[in-house]
Amino acid sequence: MNSFRHRRISVLGLPALVLLITAAGCSSADDSRSAAVPSPDSTVAGLCRKLDKVLPAKVDGVRREDPSPASTLTAGWGDPAIILRCGVTRPPKMVDPDVAEGHDADAVPGGVEGVDWLMEKQDGGAHRFTTANRNAYVEVTVPAGRDSSGVLIDLASAVKKAIPERTTY
């Protein structure tokens with residue numbers, strides 16, 4: 001009778017073990033769903049909150065799934081995630097004369113749908129775009145393999161609506 005009881009405990013333990021292994025396999029150690037929250041001044045934070053309210057539900061065909069920690073200064077879409085951070089500091093390459101003169105292959109200025117961006121290549125094939133000539137810097141990181149022009153086109157209207165162009169430099 002003891003062997004029957006032992007088997008019963010083992011059989012009951014097996015589903016729990018399978019469940020534990022499955023849960024561990026489905027959990028992700030990937031931080032693509034997290035984003036560092038910027039710390040802008042109150043004026044810029046207000047512009048970023050305004051941007052958060054007008055961001056599209058879908059970008060490049062994928063739905064919005066915000067990163068953690070939750071903040072009106074960050075947003076995300078898809079997996080791997082397209083990450084938007086509003087209120088970041090100006091990237092050093094934005095004032096680099098080599099970039100302005102086209103001598104830096106890893107950083108290129110340009111514009112999409114009336115929004116100027118600085119594009120910087122990242123390790124692993126991702127690209128980081130930061131708005132230029134706006135009253136707040138908005139950074140968008142696009143994972144490798146995703147069409148960045150579609151992402152920027154989808155975000156342009158919201159950026160223009162919420163973040164005014166800079167009038168003084």
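So, how was this worked out
Within every chain, residues take consecutive numbers counted from 1 along the sequence as written. The predicted origin of the model limits local features to residues at a pLDDT of at least 70 and limits the giving and counting of side-chain atom pairs to 80 or more, whereas totals for whole chains, interfaces and linings rest on all residues. Excluded from the side-chain calculation are hydrogens and water; included are all heavy atoms of the structure. Among the buried residues, those of types Ala, Val, Leu, Ile, Met, Phe, Trp, Tyr and Cys that are joined through side-chain atoms within 4.5 Å form a nonpolar core. Exposure classes here rest on a 1.4 Å probe applied to the protein chains alone. A residue is buried below 20% of its type maximum, exposed above 50%, and partly exposed in between. Secondary structure elements follow DSSP: runs of H or I no shorter than four residues count as helices, runs of E no shorter than two count as strands, and numbering proceeds from the N terminus. Throughout, a residue-residue contact means that at least one pair of heavy atoms, one from each residue, lies within 4.5 Å. Note on pairing: DSSP must find at least two bridges between two strands before they are called paired.

Peer 1: Which residues make up the nonpolar core, and what are the values?
Peer 2: Counting residues in each nonpolar core, the largest one holds 30 residues, and the members touching the most others are Leu51, Leu55, Trp77, Leu84, Val140, Leu155 and Ile163. Every element with two or more residues in this core is listed here: α2 (42-54), β3 (74-77), β4 (82-86), β6 (115-121), β8 (138-142) and α4 (148-162). The leading source of residues in this core is α4, at seven residues. Leaving out residues up to four positions away in the same chain, Leu55 has contacts with Arg64, Ala75, Trp77, Leu84, Leu155 and Ala158.

Peer 1: Account for the pairing of strand β7 (residues 127-132), with residues named and values stated.
Peer 2: Each regular strand shows side chains that alternate between the opposite faces of the sheet. One ladder, built from six bridges, connects β6 with β7; its direction is antiparallel. Note on β7: the bridge partner recorded for Lys121 is His127. Turn length for the β6-β7 hairpin, with the two strands adjacent in sequence and antiparallel, is five residues, and the turn residue Gly124 shows positive phi of about 85 degrees. Looking at chain direction, β7 and β8 are connected through four bridges and run antiparallel. For Phe129, the partnering residue across the bridge sits in β8 and is Val140. Counting the residues in the hairpin turn of β7 and β8 gives five residues, including Asn133, whose phi is positive at 60 degrees.

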